[in-house]
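Given next are the chains, with one letter for each unit.
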Amino acid sequence: MRERLLVLLIIMLATAFFGEMKVNPLGGSFRFSLGIAAFFFGLLWFQAVPVLLTGFLTGTFILGFRVGLDHIFSQVGWMESLQIHLPSAFYYFSFSLLFHFLKARRYLEAPLIVGLIGASVDFVSNMVELQVRHLFNDFPPITWESVFMLLFFGVLRSFFAVGLYNSFSIRQVRAVGEVRQQELEKLRMINTELYQEAFYLRKSMSHLEEITRDSYQLYTRLLSSENTESSAALLIAENVHEVKKDSQRMLAGLSKLINQEVLAPQLPIAELCGLVMRANRKYAEMLGKDIEFSLRCDVNLSTSQIYALLSVLNNLVSNAVEAIYSSGWIELEVKLDQRNILFHVVDNGPGIPSEEREWVFQPGYTTKFDENGNASTGIGLTHAKGIVHSLQGSLQIINDWGLTTHFKVSLPTDQLLRKEGV
C-alpha cells in the first residue's frame, strides 16, 4: 500500500512539474505541455496503480498546484484562478476514464496500437477541456485549425510517451537477461562440479561391483572348505553391496540435478569456452591477480557434452590461474583438425619441470600448497584426463619452447555431439 501511494505521488509531482513546460498556441490559459506525456508514461510504466484513481487524484492535485502558483506568483484571486484551471482537471478525469475504458494496458506489446489509443484519448480529452473552458470562461469556439493542432500535439505527446516506455522496457529486459545469464553460468559451473563427482562415483561403482563379486566368491570357497571365517566374508560382501546401493541412489540424485536438458540440450563451443574464461577471470580477480585472458575459437559447432567439456577446460584454466604468481596471461585456442577438435590452454606461469611432466596426471601430484603448507589433493588433472579418455580423446603436455605451460586436449567431433550421460 505504501509503495502504491509513493508511485501515485511520483506521478502527480512529475505531471505537475512537466505541466509547467508549456506553450499556449490557442491563446488564453489553454496549454500544451509535457505534463500529459509524463502522466501517460506513468500509467503505462506503473501498471499496479489503478487508472481511475490516479486520474482523479492527479487532476485534483494539478488544480490545487496551479491555483497555489497563481496565489504565490500573481495577483489572481482564488475564485478566478479556480475558474481558469478547473477545466485542466477535467482533462485528466477524461483521459483516465477513456484510458480505462479502452483497456490500453492490454496492448503494451503493440506500441503502435498504444500510441494511437493515447493520441485518440489525448485528442478527446483536449476537446472536453476546451468545451468546459468555453462553458466557464467564454473561450473562443473551436476551429478546424484548432482541431488539427490538437491532433498534432496528441500524436506527438502520445508517441513520445510510448517511445520512452519502450526504451525503458528494452533496457529492463536486457538487464534482467544479463542477470539471468549470469545465474545460468553459475548454475552450469556448479553442475560441472557435480558432473565430476558423478563421473567418478559411477567409475567407483564398477569397482564396488567387482569387490562384491570377489567377496561372495571368497565366501563360497570358504564355505565349501568349512572355514569358520566364511561368515565374515559374507558380511563383507553384504556391506559392500549396501555401499553400492547407496552410491546408486546418490548417482540417481546427481543425475537429476545435472540434467542439462533443463538448461540447454546443446551449447556452442565458442560460448562454452567464453563461459570458462569469464568464470576464471572472476577467479583471478578474487585472488588479486592481474591476468589477461584471450580466447580464439575457429570452431562453429555446438556440443551436447556441456559438463564434461566444461569440467576439463575449467580445470586446466583454473590451474593456470593458480600457477601464475601475480600477473601474466592465459590463452585458450580451439581449432578443428580433421575429425578432432583441439583445445590448447597456454599460460606463462612458472611451468612444470620436464622431469615431472610424466607425473602430473598421477593422483596426488601437486605444486599447490595452502598458507599452512598443506598440499592440495592433486586429483584435478587426474579427473580431467579420466573424462577426456571417457570421450575417447587425449590430454597431454606439449613441449613448446618459449611458452612455459601448454596443455592440448584432442576430442573426436562425434563424441562432442553425442548425448551426454552421467
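Before any of the text, the structure's been laid out above.
Remember, it's a predicted structure, so these values are computed and weren't measured experimentally.

Topic: the overall build of the protein
Assigned secondary structure in the protein consists of 11 helices and 9 strands. Taken over 422 residues, the protein has a buried fraction of 41%. Contacts in the protein between residues far apart in sequence, at least 24 positions, make up 73% of those at least 6 positions apart. A total of about 23,500 Å² of accessible surface is found on the protein, and carbon and sulfur atoms cover 60% of it.

Focus: the environment of L295
In this fold, L295 is placed in strand β4 (residues 290-297). L295 sits in the partly exposed class, given a relative accessible area of 34%. With residues near it in sequence (within four places) discarded, L295 still touches A270, C273, G274, M277 and L332.

Section: the pattern of salt bridges
Per the stated rule, a full pass over the model turns up 4 salt bridges. E331 is paired through a salt bridge with R296; the nearest N and O atoms lie 2.8 Å apart. Of the two residues, E331 is situated in strand β6 (residues 327-337) and R296 in strand β4; the sequence distance between them amounts to 35 residues. The salt bridge partner of E333 is K335, with a shortest N-O separation of 3.4 Å. Taking the relative accessible area as the measure of exposure, K335 reaches 31% and is therefore partly exposed. Beyond isolated ion pairs, a larger network of salt bridges with shared partners links R296, E331, E333 and K335.

With respect to the sheet that holds β4
Strand order in the open sheet formed by 5 strands is β4-β6-β7-β9-β8, and the pairing between neighbours is mixed. Two strands lie at the open edges of the sheet, namely β4 and β8 (394-397), each paired on one side alone. Between one strand axis and the next, the sheet turns by 15 degrees as a mean value, whatever way the strands run. By the bridge criterion, 8 bridges tie β4 to β6 in an arrangement that is parallel. Residue pairing for β6: C297 is matched across the bridge by V334. Each of β4, β6, β7 (340-347), β8 and β9 (405-412) touches helix α9 (residues 306-323); the most contacted strand, β7, lies at about 20 degrees to it. Where helix α10 (residues 380-390) meets the sheet, it contacts β8 and β9, and its direction lies at approximately 140 degrees from that of β8.

Considering the packing of aromatic side chains
Evaluated as defined, the whole model comprises 16 aromatic pairs. Summarising the aromatic geometry, the rings of F40 and F99 are spaced 5.9 Å apart at their centres and angled 80 degrees between planes, so their arrangement reads as edge-to-face. Here the residue F40 occupies a position in helix α2 (residues 35-45), and F99 occupies one in helix α4 (residues 78-101), the gap between them amounting to 59 residues. For the pair shown, F40 and F99 are each scored as buried. Both rings, one in F90 and one in F93, keep their centres 6.0 Å apart while their planes meet at 65 degrees; by these two values the pair is edge-to-face. Placement of both F90 and F93 in helix α4 is noted, with a separation of 3 residues, approximately one turn of the helix. On the basis of relative accessibility, which here comes to 32%, the residue F90 falls in the partly exposed class.

Comments concerning the packing of helix α8 (residues 269-286) against α9
In contact at an axis separation of 9 Å, α8 and α9 are set at 35 degrees when each is read in the N-to-C sense. Note that α8 runs across α9; the crossing there is right-handed. Each of L272, C273, L275, V276, M277, N280, Y283 and A284 in α8 lies in contact with α9, whose residues at this interface are I306, L309, L310, L313, N314, V317, S318, V321 and E322. A breakdown of the residues in the contact of α8 with α9 according to their chemical character gives 13 nonpolar, 3 polar and 1 charged.

With respect to a nonpolar patch on the surface
Judged by side-chain polarity, F17, F18, M21, L34, F160, L164 and F168 come together as a nonpolar surface patch covering roughly 630 Å² of accessible area. Counting residues per element, the ones that place at least two in the nonpolar patch are α1 (2-19) and α6 (144-224). Sort the elements by how many residues they give to the nonpolar patch and α6 lands first, with 3 residues. Considering the arrangement of structural elements, one finds F18 in helix α1.

Quick word on α1
In this model, α1 (18 residues) spans 25 Å end to end at C-alpha, consistent with the 26 Å of a helix rising 1.5 Å per residue. Here α1 has its buried residues at V7, L8, I11, M12, T15, A16 and G19. Projection of α1 onto a plane perpendicular to its axis shows the buried side chains occupying an angular sector of 160 degrees, all on one side. Facing away from the buried side of α1, by more than 90 degrees, are the exposed residues R2, E3 and F17.

Parameters at a glance
Residues numbered from 1 in each chain as written. Predicted model: local features only at pLDDT ≥ 70, side-chain atom pairs only at ≥ 80, totals over all residues. Heavy atoms only, no water. Helix = DSSP H or I, 4+ residues; strand = E, 2+ residues; numbered from the N terminus. Buried < 20%, exposed > 50% of the residue type's maximum accessible area, 1.4 Å probe, protein only. Contact = heavy atoms within 4.5 Å. Areas by Shrake-Rupley, 256 points an atom, 1.4 Å probe, with all protein chains shown as cover. Salt bridge = Lys/Arg side-chain N within 4 Å of Asp/Glu carboxyl O. Pairing = 2+ DSSP bridges. Axes fitted to C-alpha atoms, helices over the stretch in contact; angles between N-to-C directions. Phe/Tyr/Trp six-rings, centres within 6.5 Å; stacked < 30°, edge-to-face > 60°. Left-handed = near helix turned anticlockwise from the far one by under 90°. Nonpolar A, V, L, I, M, F, W, Y, C, P; charged D, E, K, R; others polar. Patch = residues over 30% accessible without salt bridge, like charges linked within 9 Å, V, L, I, M, F, W, Y side chains within 5 Å. Expected span 1.5 Å × (residues − 1). Arc of directions from axis to C-beta.

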